[in-house]
Amino acid sequence: MDGLELFTAALGLGEPWRVSRVEFAEEPGRLDLHLAYRRGARFPCPEPACGRDRCPVHDTVDKTWRHLDFFQHKAFVHARVPRVRCPQHGVRLVALPWARPGSGFTMLFEALVLTFATAMPMSKVAQSVREHDTLVWRIVERHVHAARATEDFSSVRRVGMDETSARKGQDYISVFADLDAGRVLFATEGRDSGTVKQFAADLAAHGGDPGQVHTTSSDMSAAFIAGITKHLPNAVMTFDRYHLAAKLSEAVDAVRRAEVATRPELKHTRWLWLKNWANLSPRQRRELQLLLRPSAQLATARALRWREDFQAFYDQDPSYEDAH
Ligand SMILES: [Zn+2]
């Protein structure tokens, strides 16, 4: 096997393609692989439904793709890509085994970017592969769109939704998930009721039926409640425990702040009321027990017991989500 055959095999090329020339430049550190097809070769029409597989070459177009690095050197693939003449579809660029139409990167390079993208932020990916952020984003977006286009949401019945900040403290995004399959269905900017409308439209576009969603899980934001009522009309809303527990703790603290004016022993006790019993130190436990004794008659203590009753309700049965 000579060098050209080796590179032909490494690129996974088959008839009629082969590596015809290799140029390696130590400075500035790049490898250029030139591909050629067998003279006189014929190619299939790129139209998927066409089926004509021996169309004659009309002319060629010079193209270049970035490929996986050859050690520390950037590698590029070059080819004169034939345009074939199909009697039905006219003059068309042929499909290539190493790159998607319109991409300036080989499929292996794109696969590397996708692999990196699951493990690190995009700015790091761009740095690692020595490409601009926007090009790397374009690769990922194209594959995500292609993957999403084939998604089937027809079985979606229980939907969880939540908002999260995309950047610190601002730019909210809303995320929608299939609670049965444990997969993210949809994400969009914003956190108003319009996000539920967009989700419902996207669900329908992927074979799902907003009318068949019978359960939602979300926080108690007015936006989600309004959106669900309007766009997921048959859904029973459940509010997830995490958000409820946070609201209840806020309520306990509000009672404490109101009461501290008349009951100075409540000063500086905020964390005693908010932390779980298990996370309190022995001294904190004794202090809390003292505040909780019935004879102390604290409204804050009553609020805490309500919160705990509520949490005990969730604890009594692991299938609490069905308890509506
Ligand atoms: Zn055709």
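Residues numbered from 1 in each chain as written. Predicted model: local features only at pLDDT ≥ 70, side-chain atom pairs only at ≥ 80, totals over all residues. Heavy atoms only, no water.

Of the strand pairs in this sheet, strand S4 (residues 73-86) and strand S5 (residues 90-93) are connected by four bridges, and their pairing is antiparallel. The residue bridging valine 84 from the neighbouring strand is arginine 92, located in S5. What sits between S4 and S5 in their antiparallel hairpin is a turn of three residues. (Pairing = 2+ DSSP bridges. Helix = DSSP H or I, 4+ residues; strand = E, 2+ residues; numbered from the N terminus.)

With that out of the way, let us pick up the nonpolar core. Counting 25 residues, the largest nonpolar core has Trp17, Leu35, Trp65 and Trp98 as the members making the most contacts within it. Among the elements of the structure, strand S1 (17-25), strand S2 (30-37) and S4 are those that each provide at least two residues to this core. When residues of this core are assigned to their parent elements, the largest contribution, six residues, is made by S4. Formed by 16 residues, the second largest nonpolar core is a distinct cluster that contains Phe153, Val159, Leu185 and Val213. (Core = buried A, V, L, I, M, F, W, Y, C linked by side-chain atoms within 4.5 Å. Buried < 20%, exposed > 50% of the residue type's maximum accessible area, 1.4 Å probe, protein only.)

Take the packing of helix H7 (residues 241-259) against helix H10 (residues 299-315) next. The geometry of H7 relative to H10 is characterised by a closest axis approach of 8 Å and an angle of 170° between their N-to-C directions. When the axis of H7 is compared with that of H10, the two are roughly antiparallel. Where H7 abuts H10, its residues Arg241, Leu244, Ala245, Leu248, Ser249, Val252, Val255, Arg256 and Glu259 lie against Ala299, Thr300, Ala303, Leu304, Arg307, Phe310, Gln311, Tyr314 and Asp315. (Axes fitted to C-alpha atoms, helices over the stretch in contact; angles between N-to-C directions. Parallel < 35°, antiparallel > 145°, perpendicular 65-115°, else oblique. Contact = heavy atoms within 4.5 Å.)

Positionally, valine 136 belongs in helix H4 (residues 133-149). Since its relative accessible area comes to 2%, valine 136 is described here as buried. The sequence separation of valine 136 and tryptophan 271 amounts to 135 residues, and the corresponding C-alpha distance is 46 Å. Non-local contacts of valine 136, meaning those with residues more than four positions away in its chain, are made with Val113, Met122, Val125, Ala126, Val129 and Glu131.

In the first shell of the zinc ion, the protein supplies Cys45 (SG), Cys50 (SG), Cys86 (SG) and His89 (ND1), at 2.1 to 2.3 Å from the metal. Geometry at the zinc ion is tetrahedral, judged from the four donor atoms that bind it and their angles of 105 to 117° at the metal. If you list the donors of the zinc ion from N- to C-terminus, the spacing comes out as C-x4-C-x35-C-x2-H. Here cysteine 50 is found in the loop between S2 and strand S3 (57-70), whereas its partner cysteine 86 is found in strand S4, with 36 residues between them in sequence. Take cysteine 50: its relative accessible area is 15%, and that puts it in the buried class. (Donors = N, O, S within 2.8 Å, 3.2 Å for Na, K, Ca; no water. Tetrahedral: all angles 85-135°; square planar, octahedral: opposite > 155°, others 65-115°.)

This part is about the side chain of arginine 256. Mapped onto the elements, arginine 256 comes out in helix H7. Within the structure, arginine 256 has its side chain in polar contact with the side chain of aspartate 253 (distance 3.1 Å). (Polar contact = N/O pair within 3.5 Å; in protein donor to acceptor, adjacent residues only side chain to side chain.)

A few words now on unusual backbone geometry. Following glutamate 15, the chain continues to proline 16 via a peptide bond in cis, the omega torsion being 0°. Tracing the chain through its elements places proline 16 in the loop between helix H1 (3-10) and S1. Of note, the phi angle at phenylalanine 71 is positive, near 50°, even though the residue is not glycine. Mapping phenylalanine 71 onto the fold places it in the loop between S3 and S4. Even without a glycine there, the phi angle at glutamine 297 is positive, about 55°. Looking at the secondary structure, you find glutamine 297 in the loop between helix H9 (282-292) and H10.

Within the structure shown, the criterion is met by 13 aromatic pairs. Ring geometry for phenylalanine 176 and phenylalanine 199: centres 4.6 Å apart, planes at 0°, overall stacked. Of the two residues, phenylalanine 176 is situated in strand S7 (residues 170-178) and phenylalanine 199 in helix H5 (residues 194-205); the sequence distance between them amounts to 23 residues. Taking the relative accessible area as the measure of exposure, phenylalanine 176 reaches 0% and is therefore buried. According to the relative accessible area criterion, phenylalanine 199 is buried, its value standing at 1%. Measuring from ring centre to ring centre gives 6.5 Å for phenylalanine 176 and phenylalanine 224, while their planes differ by 80°; the resulting arrangement is edge-to-face. Here phenylalanine 176, found in strand S7, pairs with phenylalanine 224, found in helix H6 (residues 222-231); they are 48 residues apart in sequence, far enough to count as distant. Phenylalanine 224 gets classed as buried once you look at its relative accessible area, which sits at 1%. Three or more aromatic residues link up through ring pairs in this structure, and these residues are Trp17, Tyr37, Phe43, Trp65 and Trp98. Above the ring of tyrosine 172, the side-chain terminus of arginine 191 is found at 3.6 Å from the ring centroid. Here the basic side chain of arginine 270 rests over the ring of tryptophan 271, its NZ or CZ set 5.0 Å away from the ring centre. (Phe/Tyr/Trp six-rings, centres within 6.5 Å; stacked < 30°, edge-to-face > 60°. Lys NZ or Arg CZ within 6 Å of the ring centre and 35° of its normal.)

Scanning all chains against the criterion turns up 20 salt bridges. Across the salt bridge formed by glutamate 15 and arginine 38, the nearest N and O atoms sit 2.8 Å from each other. With glutamate 15 in the loop between H1 and S1 and arginine 38 in the loop between S2 and S3, this pair connects stretches of sequence that are 23 residues apart. We classify arginine 38 as partly exposed; its relative accessible area is 41%. Between arginine 83 and aspartate 59 there is a salt bridge, with its nearest N and O atoms 2.8 Å apart. With arginine 83 in strand S4 and aspartate 59 in strand S3, this residue pair connects regions lying 24 residues apart in the sequence. Since its relative accessible area comes to 27%, arginine 83 is described here as partly exposed. What you see here is one network of salt bridges that share partners, running through Arg66, Asp69, Arg130 and Glu131. (Salt bridge = Lys/Arg side-chain N within 4 Å of Asp/Glu carboxyl O.)

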